[in-house]
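What follows is the residue order along each chain.
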Amino acid sequence: MHRAAHGSASHGPRVNPRFIEQAEPLSPPPATMSDQQPPSTLLPLASLPPNPNPTPPPVPAPTLALHIPAFPSPSKRKRTGFRRKVPSAASPAPHPPVPPSAADDIIVINREPTAEAVTALTAGFPADSLTDEEIEAGVVSDVGGIEQVNYILIRNHLLTRWRETFNSWLAKESFASLIPPHCEHLLTSAYNFLVSHGHVNFGVAPAIKERLPKEPTRPNTVIVVGAGLAGLAAARHLLASGFKVIVLEGRKRCGGRVYTKKMEGGGHSAAADLGGSVLTGTFGNPLGVVAKQLGLPMHKIRDKCPLYRPDGSPVDPEVDKEVEGTYNKFLDNASHLRAAMGDVAMDISLGAALETLRQSDGGISSEEEINLFNWHIANLEYANAGLSSRLSFAFWDQDDPYDMGGDHCFLPGGNGRLVQALAENVPIVYERTVHTIRYGGDGVQVVVNGGQVYEGDMALCTVPLGVLKNGGIKFVPELPQRKLDSIKKLGFGLLNKVAMLFPHVFWSTDLDTFGHLTENPSHRGEFFLFYSYATVAGGPLLMALVAGEAAHNFETTPPTDAVSSVLQILRGIYEPQGVEVPDPLQSVCTRWGTDSFSLGSYSHVAVGASGDDYDILAESVGDGRLFFAGEATTRRYPATMHGAFITGVREAANINIHATARATKTKVVKSPSTNAQACATLLVDLFRQPDLEFGSFSVILGGKASDPKSPAILKVELGGPQKKSATEGGKKEQHHSNKSLFQQLQSHFNQQQQLFVYTLLSRQQAMELREVRGGDEMRLHYLCETLGVKLVGRKGLGPGADAVIASIKADRNSSRTKSGPSKLRVRVSKPQPSAKS
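Residues numbered from 1 in each chain as written. Predicted model: local features only at pLDDT ≥ 70, side-chain atom pairs only at ≥ 80, totals over all residues. Heavy atoms only, no water.

K.L.:
Quick one: what's the story with the overall build of the protein, residue by residue and with numbers?
P.N.:
Scanning the protein from terminus to terminus reveals 23 helices and 26 strands. Split into buried and exposed, the 837 residues of the protein put 59% on the buried side. For the protein, the proportion of contacts with a sequence separation of at least 24, taken over those separated by at least 6, is 78%. Within the structure as shown, the protein displays about 31500 Å² of accessible surface, and the carbon and sulfur contribution to it stands at 52%. (Helix = DSSP H or I, 4+ residues; strand = E, 2+ residues; numbered from the N terminus. Buried < 20%, exposed > 50% of the residue type's maximum accessible area, 1.4 Å probe, protein only. Contact = heavy atoms within 4.5 Å. Areas by Shrake-Rupley, 256 points an atom, 1.4 Å probe, with all protein chains shown as cover.)

K.L.:
Give me the confidence of the model for the protein: which residues, what numbers.
P.N.:
With 78% of its residues at a pLDDT of 70 or more, the protein has an overall mean of 82. Note that residues 1–61 has pLDDT below 50 and, in this model, 290 contacts with residues that lie over four places away or in other chains. Segment residues 77–104: pLDDT under 50, and 83 contacts once partners within four positions in sequence are set aside and those in other chains are kept. (pLDDT = per-residue confidence, 0-100.)

K.L.:
Any chance you could break down the sheet that holds strand β22 (residues 626–628) for me, citing the residues and the numbers?
P.N.:
Spatially, five strands are ordered β9-β2-β1-β13-β22 in an open sheet, and the strand pairing comes out parallel. Both outer strands of the open sheet, β9 (428–429) and β22, are each paired with one neighbouring strand and no more. As judged from the four bridges shared by strand β1 (residues 221–225) and strand β13 (residues 458–461), these two strands associate in the parallel manner. Residue pairing across strands places Val-222 opposite Met-458, the latter belonging to β13. (Pairing = 2+ DSSP bridges.)

K.L.:
If you had to explain the environment of Tyr-758 to someone new, which residues and values would you point to?
P.N.:
In this fold, Tyr-758 is placed in strand β26 (residues 755–762). Once the C-alpha coordinates of Tyr-758 and Leu-714 are considered, the two residues, 44 residues apart in sequence, prove to be 5.4 Å apart. Not counting residues up to four positions away in its chain, the partners in contact with Tyr-758 are Leu-683, Phe-687, Ile-713, Leu-714, Lys-715, Lys-790, Leu-791, Val-792, Gly-793, Arg-794 and Leu-797.

K.L.:
I'd like to hear about helix α9 (residues 317–341), residue by residue, with values.
P.N.:
The first and last C-alpha atoms of α9 sit 36 Å apart over 25 residues, in line with the 36 Å expected at 1.5 Å per residue. In this structure Asp-316 caps α9, since a side-chain oxygen of it lies 2.8 Å from the backbone nitrogen of Glu-318. (Expected span 1.5 Å × (residues − 1). Polar contact = N/O pair within 3.5 Å; in protein donor to acceptor, adjacent residues only side chain to side chain.)

K.L.:
Account for the pattern of salt bridges, naming residues and giving values.
P.N.:
Within this structure, the stated rule accounts for 22 salt bridges. Between Asp-776 and Arg-779 there is a salt bridge, and its shortest N-O distance comes to 2.9 Å. One end of the pair, Asp-776, and the other, Arg-779, are both in helix α22 (residues 775–786), three residues apart, so they sit about a helical turn from each other. Take Arg-779: its relative accessible area is 5%, and that puts it in the buried class. (Salt bridge = Lys/Arg side-chain N within 4 Å of Asp/Glu carboxyl O.)

K.L.:
Please give an account of empty space enclosed by the protein that cites residues and values.
P.N.:
Per the counting criterion, the structure on display carries eight cavities of 30 Å³ or more. Within this model, the largest cavity holds a volume of roughly 80 Å³. Lining the largest cavity are 13 residues, with Val-463, Leu-468, Ala-629, Ala-632 and Thr-633 positioned closest to its centre. Its residues assigned to classes, the lining of the largest cavity comprises nine nonpolar, two polar and two charged. (1 Å grid on protein atoms, 1.4 Å probe; cavity = no way out; pocket = protein on both sides within 12 Å on 5 of 7 lines; lining within 4 Å. Points joined across faces, edges and corners; volume = space filled by probe spheres on them. Nonpolar A, V, L, I, M, F, W, Y, C, P; charged D, E, K, R; others polar.)

K.L.:
So what's going on with unusual backbone geometry? Which residues, and what values?
P.N.:
Most peptide bonds adopt trans geometry, and most residues besides glycine take a negative phi value. Cis geometry is adopted by the peptide bond preceding Pro-477, which originates at Val-476 and carries an omega value of 0°. In this model, Leu-599 sits at a positive phi of 55°, which is unusual for a non-glycine residue. Tracing the backbone through its elements, the reader meets Leu-599 in the loop between β20 (586–589) and β21 (603–604). Classification of Leu-599 by relative accessible area gives partly exposed; the value is 26%.

K.L.:
Give me the environment of Leu-121: which residues, what numbers.
P.N.:
Take Leu-121: it is sitting in helix α2 (residues 113–122). The spatial distance from the C-alpha of Leu-121 to the C-alpha of Asp-403 is 8.7 Å, given a sequence separation of 282 residues.

K.L.:
An account of the side chain of Glu-555 is needed here, citing residue identities and associated values.
P.N.:
In this fold, Glu-555 is placed in the loop between α15 (548–554) and α16 (559–574). Arg-591 provides the closest opposite charge to the buried, unpaired Glu-555, separated from it by 5.3 Å. For Glu-555, the side chain forms a polar contact with the main-chain nitrogen of Trp-592, separated by 3.5 Å. (Lys, Arg positive; Asp, Glu negative; His and termini not counted.)

K.L.:
Explain the sheet that holds strand β7 (residues 307–308) to me, using residue names and the numbers behind them.
P.N.:
Pairing within the open sheet is mixed, and its six strands lie in the order β7-β17-β18-β19-β16-β20. Among the strands making up the open sheet, the edge pair consists of β7 and β20. When strand β18 (residues 526–532) meets strand β19 (residues 541–546), the two strands line up antiparallel, connected through five bridges. By the bridge assignment, Ser-532 is partnered in β19 with Leu-542.

K.L.:
Explain the environment of Ile-370 to me, using residue names and the numbers behind them.
P.N.:
Looking at where Ile-370 falls in the secondary structure, it is placed in helix α11 (residues 367–384). Once the C-alpha coordinates of Ile-370 and Glu-519 are considered, the two residues, 149 residues apart in sequence, prove to be 8.5 Å apart. Dropping the residues within four chain positions of it, Ile-370 is found in contact with Arg-358, Ile-364 and Ser-365.

K.L.:
For the pairing of strand β16 (residues 496–501), give the residues involved together with the corresponding values.
P.N.:
The element β16 is extensively covered by neighbouring structure, given that six of its six residues are classed as buried. Every second residue of β16 is oriented toward a common face, with Asn-496, Val-498 and Met-500 on one face and Lys-497, Ala-499 and Leu-501 on the other, all of them buried. Of the strand pairs in this sheet, β16 and β19 are connected by six bridges, and their pairing is antiparallel. Looking at β19, one finds that Ala-499 is bridged to Met-543. Sheet analysis places β16 next to β20, joined by four bridges and oriented antiparallel. Bridge assignment links Leu-501 to a residue of β20, and that residue is Gln-586.

K.L.:
Residues and numbers for the side chain of His-299, please.
P.N.:
In this fold, His-299 is placed in strand β6 (residues 299–300). His-299 gets classed as buried once you look at its relative accessible area, which sits at 18%. Within the structure, the side chain of His-299 is placed 3.2 Å from the side chain of Asp-512, a separation counted as a polar contact. Excluding anything up to four places from it in sequence, His-299 contacts His-408, Cys-409, Phe-410, Pro-412, Asp-512, Thr-535 and Val-536.

K.L.:
Which residues make up the packing of helix α7 (residues 229–240) against helix α12 (residues 416–423), and what are the values?
P.N.:
Their axes nearest at 9 Å, the elements α7 and α12 cross at an angle of 30°. As summarised for this structure, α7 and α12 are arranged roughly parallel, according to the angle between their axes. Judged by the sense of rotation from one axis to the other, the crossing of α7 with α12 is left-handed. Contacts between α7 and α12 involve Leu-229, Leu-232 and Arg-236 from the first element and Val-419, Ala-421, Leu-422 and Ala-423 from the second. (Axes fitted to C-alpha atoms, helices over the stretch in contact; angles between N-to-C directions. Parallel < 35°, antiparallel > 145°, perpendicular 65-115°, else oblique. Left-handed = near helix turned anticlockwise from the far one by under 90°.)

K.L.:
Describe in detail the pairing of strand β4 (residues 268–273), supporting the description with residues and values.
P.N.:
In terms of strand pairing, strand β3 (residues 260–265) meets β4 through six bridges, oriented antiparallel. Within β4, the position partnered with Gly-265 by the bridge is His-268. Connecting β3 to the antiparallel partner β4 that follows it, the hairpin turn spans two residues, and Gly-266 within it adopts a positive phi of roughly 60°.

K.L.:
Explain helix α14 (residues 481–489) to me, and be specific about the residues and the numbers.
P.N.:
Among all positions in α14, only Lys-483, Ser-486 and Ile-487 are buried. Looking straight down α14, one finds that the buried residues subtend no more than 105° of arc, so they occupy a single side. Of the exposed residues in α14, the ones pointing more than 90 degrees away from its buried face are Gln-481 and Lys-488. Elements in contact with the buried residues of α14: α13 (465–469), α17 (611–618) and β22. (Arc of directions from axis to C-beta.)

K.L.:
Give me the lowdown on the packing of aromatic side chains, citing residues and values where you can.
P.N.:
The tally for this structure, following the rule as stated, stands at 20 aromatic pairs. Between Phe-506 and Tyr-574 the ring centres are 5.5 Å apart and the planes differ by 80°, which places this aromatic pair in the edge-to-face class. Taken as a pair, Phe-506 in the loop between β16 and β17 (513–516) and Tyr-574 in helix α16 lie far apart in primary sequence, 68 residues in all. What makes Phe-506 buried here is its relative accessible area of 7%. On the basis of relative accessible area, Tyr-574 is assigned to the buried category, the value being 5%. An aromatic cluster is defined as three or more aromatic residues linked by ring pairs; in this entry it consists of Tyr-308, Phe-502, Phe-506, Trp-507, Phe-514, Phe-530 and Tyr-574. Above the ring of Tyr-259, the side-chain terminus of Arg-253 is found at 3.9 Å from the ring centroid. When the ring centre of Phe-628 is taken as reference, the NZ or CZ atom of Lys-483 above it lies at 4.2 Å. (Phe/Tyr/Trp six-rings, centres within 6.5 Å; stacked < 30°, edge-to-face > 60°. Lys NZ or Arg CZ within 6 Å of the ring centre and 35° of its normal.)

In structure tokens form, the structure reads like this:
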């Protein structure tokens, strides 16, 4: 895998800035069992290769001659400062022209469609298809046809204009002259969807606020539990939609895990972000829009991040570079390995896999190399707020491909400025700790400390996952078992900080981060990274981070001992340089793990969990009476500030949909992709009668037989843990590492006789794969190397495949009731398993 060149001494910030944040991209994600292939990996629309996990419409849509550059994907494993440049769209690869018959019907708007598609990508929309929400909203009458193409062009144009004019109200009328009369309904459809779902006309600009209704225009009352970013975003959107809203907050402040504390002493003051601190990706980040509306400058986190040994001396840049390369190689090898392991990888921790690879490789042996390797593991544990021994090998980085683009930034004055702006004029009742939520056909009751009861039509629960895990709120009736299971399976880890206000800046002002190594692996996350806030906090502020196992031990460490340890590290680094390190004027130690309103920092995918569990947590219950939002309810943006914000707006839109349905006595219909478990069962049933079978491969076909681009789902049977990944190729070193991991895990999984992995293809590609000669090994090589697709576990197919599964099932049901073409069935004798299969 290609990586950006690393400087000898000036390394990028080694941390993925995720205290409710997402990691910075450096290189494309490895071939992994990611839950869903994102739109960010789209190639030119007119020449799209088969996306292994697309979100295809039931009928293939006409394509546009757009060239969408692939965004670098965030990687939780990398140092956050380095970012691969987005490939230029100026010299695209050749592609087939748009057929004249289709082009005649495709509208032309006074904008560059490629650039606007890129804007849509950064905002979380696919460039060439509809989201599930758009399909559910019925934005077009013909999903997959020319109407959809024109809708997407209009939608992308509206999104682009909004990002350019974020301080003004985006009016539909201003676009009327650009849209042909026969597409006016699509303008109305796109505009209404984007406004109702909070993708445009959101935030705190005066032009937006003056549009808020003075009084509720709807009879419904919504109770929002929690005044963090999710709760505030939801409340503002509900108020804008005319609902009566009341927000119940247990703390004496709003913001939740986003908390900016003013530190003072010796005539100095500074704003310290003790919780969420970094805006990750400013292109599509809605919080970046809010910051711009407030006129707040954003400070790009600089790349330079030196590392220091336990004794305070600088790490040799060449050794640092070599160990980082080896660490990244292990992650690449692990990525290829897990793709071949199927669902077995769900029962293995990332930490176990990496340690096995390290021991097998033998390239990291000296004390300093081991310390550096452990520093990277601490960085990984920071990025995920979880111990590497508890992170899912299969899905720990399932959200990596979703990048909003742009720099990662500090907000001068702290993120509390965003919180205060979003809380303005929102009816919040503080010091109301919710302990019971009752929901039913008649509405909801929310019971707080002291027995006070708040009644409403609907409720939105935005409390952190840690509170749900701890049973801090009693739900009556009890939540569905699948939601309880997901609450239990998902991980909720810990990150702590020591904030110190000094009399003056004694560290270098040309960097924002620097790191420190430890000798004890169990202490590797203890003050392993320092953030300099001197340029943004208003005073000489330094922040030390505590991650992994050390973060848990830190909860019971006396603050004076913690500060003394930090000062010892700092003096070991700077005093040999002739720099005196003064005592801090004020210091603050966080205790997020014992904070009763959070009980942790942010979520991660633990062993046994997957991205599906985020979706399940997001599901409403009680026939649209009780809803859920927060960073642990989004599979795309978990553990991020903008993820929390986006889920709040998402659920406000869902509340609106359900309230409208009840008022009009209609039923809310969700797309097939929202029922992942049902589609998993369907998939098993469908493969009992595959349309194609050859060797260890079987295929079910969707769409029209005459359309070579119609979707197909491929299943590959692997013989068990003793089989090796086809991606091992001829690399001796990688073969050795993979073999070692398989041998170590085989005894534990020796009863796993069959593994099944899947991918999405086109009908034509399935036919081409069938014709490959040389057995399964050659077919796997053709599949992975020539077609460039990845094999994933069932959960890795994601919601995009669920629509295809439901469509195939519907077609088969239809074929049973009427005569039709017989199924194409091809059988090739199955070869004996080989050493490389």
